[in-house]
Amino acid sequence: MNISTWLARTAQQSPDCPALFLGCDPVASYGQFHIAAQCLAGALIARGIRPGDRVALFMKNVPDYLIAQYGAWYAGAAIVPINAKLHPREADFILTNSGASLVFATPDLAPDLAVVTATEVIETGSAGWQALLNAPASDAPVQRAPDDLAWLFYTSGTTGRPKGVIITHRMLVTMSLSYQCDCDLVRAEDAALYAAPLSHGAGIYNMMHVRAGARHVFPPSGGFDVKETLDLAVHFGGVHMFMAPTMVQRLTRHAKETGCRGTGLRTIVYAGGPMYNADIIEAVDHFGPIFVQIYGQGECPMGITALSRHDVTDRTHPRWRQRLGSVGRAQSAVEVRIADEDGKTVPTDAVGEILVRGDIVMAGYWQNPEASAKTLKDGWLWTGDMGAMDGDGYVTMKDRSKDLIISGGTNIYPREVEEALLEHPQVSEVAVVGRPHPEWGEEVVAFVVCKGSLDEAALDAHCLARIARFKRPKAYVMLPALPKNNYGKVLKTDLRASFGSAD
C-alpha cells in the first residue's frame, strides 16, 4: 500500500476539516491538501517521473513541505528529505548519490543550491511551483508494494560518508501504527506542531496525524522558538510535538521563568540524544504527564524502544529512577536483544550491542551492499549502540560504539569535520570528538596539529566554506602531535579524557 493512501481516505471522509496551518492561520483543509497533492502528482507524472524515482526536498518547515511530500508519493515516487541546515554542497552530494530527478527547495535555500547542483531545482512559491499545483490532477495514489522505497533517509556512517537508508512503505505504516500502540493515540482534534526539522523525526511523525485527520501546524519562525511554541499550544490545544532533549530543557527553563504551565501541550516525544534524569524530572514536575521517550535511528526510524508516559511520570516504583534513565522497552512491532560481538544474547543487565529486528528495520543502505552486510546480519540490525536490558525488559544505553556526536539532537560525524579541516594546507593532523555540554548534550571539539601558526578564526572560516555551520568545531585545541597507539591509531579516548583535566 502507498502510505499516501491515508491522505486520500481522510480527505474523502473529512474534506472540510482543517489540515495545514502557518502559525494560527489556516492554509488548507484536508480536501484542499488532497487536491494539491493530486495536482502535483499529475504534473510530476507528466514530466516523466515514474514509480520508484526519487524526488528530493531541501526545505525549511513550511506547509508546502507536506504538499511536496504527498504529491511525490501520489506519483509513486520516493522522497529524499535533506536537512535544511546542510551546506548546499553537502545537499548536492545527496542529490547525486540518490539520483534524484528533481529537488523542491524553499526560497531561502533554492538560489545557493542551484549554483552547485546539476539537479533541477524547483523553488516553492515560484511561478514554476504554482504551475505544478495548477496541473491536471492524478486520479489516485499510484499503487506501491509494501517493500517499495518510500523515503530515502541520509545518515552518515563512521566514515563520514552519507548513506541512504532505504525506508519502505511497510516500514512507515508499521512505525505509524506502533506509535499508536506504544507512544500515544492521535485524535482528529489534536495538532502536530513542527518545530524540529521535518527531514528527521518530526517529519516522520506526520503520517499518523494525517491518518487521524489531525491538524498540522508550522511555526512562522520555521523552527523552535520557545515563546512561539507555547503560544501556539494555547491557541490550538491537543498539541503533539517531537523534541530533542535540549529543546525540552529550553522549554522548561522558559516556562518556569515566565510562570507558563504549558497549556495546550498534550504529548512531547523526546529522542535524539541523552536526557538526564534531573532534566526530565524537572520537566515533569512543571508540565505534568505529557512526556514519552522513544529510541530509534534512521535504520529503524523511531521504532526500537519506548518509555511510556506512565513510566516517565511514575515515582512509586522502587526502581523508578533506573527506569527513567532507560530508553524503555521494545516497541510492539520489533524484537530487541543485547548481544556480544559474536551475536550471542548476553545475560540480563550485561552490556552488549543493541540488536533489533522487525518490519520497521530498514531493507538496507542505498546502493551500498557492503555497509548493508555489516549492519544487517541474520535478520538483525546491529545498531552500533551499547546497552543493557534488565529483567523487566527496560533497555539502558551505556555508550555508542561509533564516534557519533549528538549536539542539540542533531547527529554530527567526526570524520566529515576531520576531512574538511584536513583540506587546509597548514593542517597536518586532526581528531574530532564530542565534549559534554550542559545545554546541547555535546559540542564538537577539534584537536589540530598544524604545520605553522594558525588561528581559530581561519579554521572556522575554512570549515564554514565546506560544511554546515552546526557541524563546525566550537573549540580548537592545538597540539604538537596526536596521541596514538602502537598501530598508529589515534587514541580518541585520551583526547576525551583531557576534558576532565583542562578546558
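Attention in this report is confined to the structure presented alongside it.

### Comments concerning the overall build of the protein chain
Then, number 1: A count of helices and strands for the protein chain gives 18 helices and 25 strands.
Then, number 2: Taking 2.2 N^0.38 as the reference for a compact globule, 503 residues should give roughly 23 Å; the C-alpha atoms of the protein chain span a radius of gyration of 23 Å, in line with that estimate.
Then, number 3: Overall, the protein chain is about 65 × 60 × 50 Å in size when its C-alpha atoms are taken along their principal axes.
Then, number 4: Residues classed as buried in the protein chain amount to 58% of the 503 residues present.
Then, number 5: As displayed, the protein chain has an accessible area near 20400 Å², and 51% of this comes from carbon and sulfur atoms.

### A word on the sheet that holds strand S13 (residues 291-297)
Then, number 1: Judged by pairing direction, the sheet is mixed, and its 9 strands sit side by side in the order S2-S1-S10-S9-S11-S12-S13-S14-S15 without closing on themselves. Edge strands, defined here as strands with exactly one partner in the open sheet, are strand S2 (25-29) and strand S15 (329-330).
Then, number 2: For strand S9 (residues 191-193) and strand S10 (residues 215-218), the ladder comprises 3 bridges, and the chain directions are parallel. Across the sheet, Ala-192 pairs through a bridge with His-216, a residue of S10.
Then, number 3: Against the sheet, helix H2 (residues 30-46) engages strand S1 (18-22), S2 and S10, with an angle of about 60° to S2.
Then, number 4: Packed on one face of the sheet, helix H12 (residues 277-287) meets strand S12 (265-270) and S13 and runs near 140° to S13.

### Looking at the sheet that holds strand S25 (residues 475-478)
Then, number 1: A sheet is described by the order of its strands in space; here 3 strands give the open sequence S23-S24-S25, paired in mixed fashion. Looking at strand neighbours, the two that pair on one side only are strand S23 (427-437) and S25, the edges of this open sheet. Ignoring strand direction, the axes of neighbouring strands in this sheet form an average angle of 25°.
Then, number 2: Taken together, the 4 bridges between strand S24 (residues 441-450) and S25 define a ladder with parallel strand orientation. Paired with Val-445 across the strands is Ala-475, a residue of S25.

### Here's the deal with the pairing of strand S4 (residues 78-81)
Then, number 1: Taking every second residue as pointing to the same face, both faces of S4 are buried, with Ala-78 and Val-80 on one and Ile-79 and Pro-81 on the other.
Then, number 2: Here strand S3 (residues 54-58) pairs with S4 via 4 bridges, running parallel. Bridge pairing in S4 links Leu-57 to Pro-81.
Then, number 3: Following the chain from S3 across helix H3 (residues 63-74) to the adjacent parallel S4, one finds a crossover that is right-handed.

### A word on unusual backbone geometry
Then, number 1: Despite not being glycine, Asp-349 has its phi angle at roughly 75°, a positive value.
Then, number 2: Take Asp-349: it is sitting in the loop between strand S16 (334-339) and strand S17 (352-358).
Then, number 3: Residue Asp-349 is classed as exposed on the basis of its relative accessible area, which comes to 52%.
Then, number 4: The phi dihedral of Gln-367 falls on the positive side, at around 50°, and the residue is not glycine.

### Side note on the environment of Gly-201
Then, number 1: Mapped onto the fold, Gly-201 is located in helix H8 (residues 201-204).
Then, number 2: Taking the relative accessible area as the measure of exposure, Gly-201 reaches 8% and is therefore buried.
Then, number 3: For the pair formed by Gly-201 and Met-243, sequence separation is 42 residues and the distance between their alpha carbons is 8.6 Å.
Then, number 4: Setting aside chain neighbours within four positions, we find Gly-201 in contact with Phe-242 and Met-302.

### Re the packing of helix H10 (residues 226-236) against helix H11 (residues 245-258)
Then, number 1: It is at 10 Å that the axes of H10 and H11 come closest, and there the two elements cross at 75°. Comparing the axis directions of H10 and H11 gives the class roughly perpendicular. Seen from H10, the contacting residues are Val-226, Lys-227, Thr-229 and Leu-230; seen from H11, they are Arg-250, Leu-251 and His-254.
Then, number 2: Classifying every residue of the contact of H10 with H11 gives 3 nonpolar, 2 polar and 2 charged.

### Topic: the pairing of strand S14 (residues 300-307)
Then, number 1: For S14, the buried fraction is high: 8 of the 8 residues fall into the buried class.
Then, number 2: Judged from the 4 bridges that link them, S13 and S14 form a sheet pairing that is antiparallel. Bridged to Gln-293 within S14 is Leu-307.
Then, number 3: Taking the residues between adjacent antiparallel strands as the criterion, S13 and S14 are bridged by 2 residues.
Then, number 4: Examined bridge by bridge, S14 and S15 share 2 bridges and lie antiparallel to one another. Note that in S15 the partner of Thr-305 across the bridge is Ala-330.

### Here's the deal with the packing of helix H1 (residues 5-13) against H2
Then, number 1: In contact at an axis separation of 8 Å, H1 and H2 are set at 140° when each is read in the N-to-C sense. Taken together, the axis directions place H1 and H2 in an arrangement best described as oblique. The handedness of the crossing between H1 and H2 is left-handed. Packed against H1, whose contacting residues are Leu-7, Ala-8, Thr-10 and Ala-11, the element H2 presents Tyr-30, Gly-31, Phe-33, His-34 and Ala-37 at the interface.

### Some remarks on empty space enclosed by the protein
Then, number 1: Taken as a whole, this structure holds 2 cavities of 30 Å³ or more when the rule is applied.
Then, number 2: Lining of the largest cavity is provided by Tyr-179, Ala-192, Leu-193, Tyr-194, Ala-202, Tyr-205, His-209, His-240, Met-241 and Phe-242.
Then, number 3: Elements supplying a minimum of two residues to the lining of the largest cavity: S9 and strand S11 (239-243).
Then, number 4: Per-element accounting of the lining of the largest cavity gives the leading share, 3 residues, to S11.
Then, number 5: Here the lining of the largest cavity is composed, by residue class, of 8 nonpolar, 2 polar and no charged.

### Structural notes on helix H17 (residues 456-464)
Then, number 1: Here H17 has its buried residues at Leu-459, His-462 and Cys-463. Within H17, the buried residues cover an arc of 95° as seen down the axis, which keeps them to one side.
Then, number 2: Looking at the buried positions of H17, the neighbouring elements they touch are helix H16 (414-422), S23, S24 and S25.

### Remarks on the packing of aromatic side chains
Then, number 1: A complete count under the given rule lists 11 aromatic pairs for this structure.
Then, number 2: Their ring planes at 40° and their centres at 5.1 Å tell us that Tyr-194 and Phe-218 sit as a pair that is tilted. Remark: Phe-218 occurs in strand S10 and Tyr-194 occurs in the loop between S9 and H8; sequence separation between them is 24 residues.
Then, number 3: Geometrically, the ring pair formed by Tyr-205 and Phe-242 is edge-to-face, given 6.4 Å between the ring centres and 75° between the ring planes.

Thresholds applied
Residues numbered from 1 in each chain as written. Predicted model: local features only at pLDDT ≥ 70, side-chain atom pairs only at ≥ 80, totals over all residues. Heavy atoms only, no water. Helix = DSSP H or I, 4+ residues; strand = E, 2+ residues; numbered from the N terminus. Rg over C-alpha atoms; globule rule 2.2 N^0.38 Å. Buried < 20%, exposed > 50% of the residue type's maximum accessible area, 1.4 Å probe, protein only. Areas by Shrake-Rupley, 256 points an atom, 1.4 Å probe, with all protein chains shown as cover. Pairing = 2+ DSSP bridges. Contact = heavy atoms within 4.5 Å. Axes fitted to C-alpha atoms, helices over the stretch in contact; angles between N-to-C directions. Right-handed = clockwise from strand over helix to strand, strands pointing away. Parallel < 35°, antiparallel > 145°, perpendicular 65-115°, else oblique. Nonpolar A, V, L, I, M, F, W, Y, C, P; charged D, E, K, R; others polar. Left-handed = near helix turned anticlockwise from the far one by under 90°. 1 Å grid on protein atoms, 1.4 Å probe; cavity = no way out; pocket = protein on both sides within 12 Å on 5 of 7 lines; lining within 4 Å. Points joined across faces, edges and corners; volume = space filled by probe spheres on them. Arc of directions from axis to C-beta. Phe/Tyr/Trp six-rings, centres within 6.5 Å; stacked < 30°, edge-to-face > 60°.

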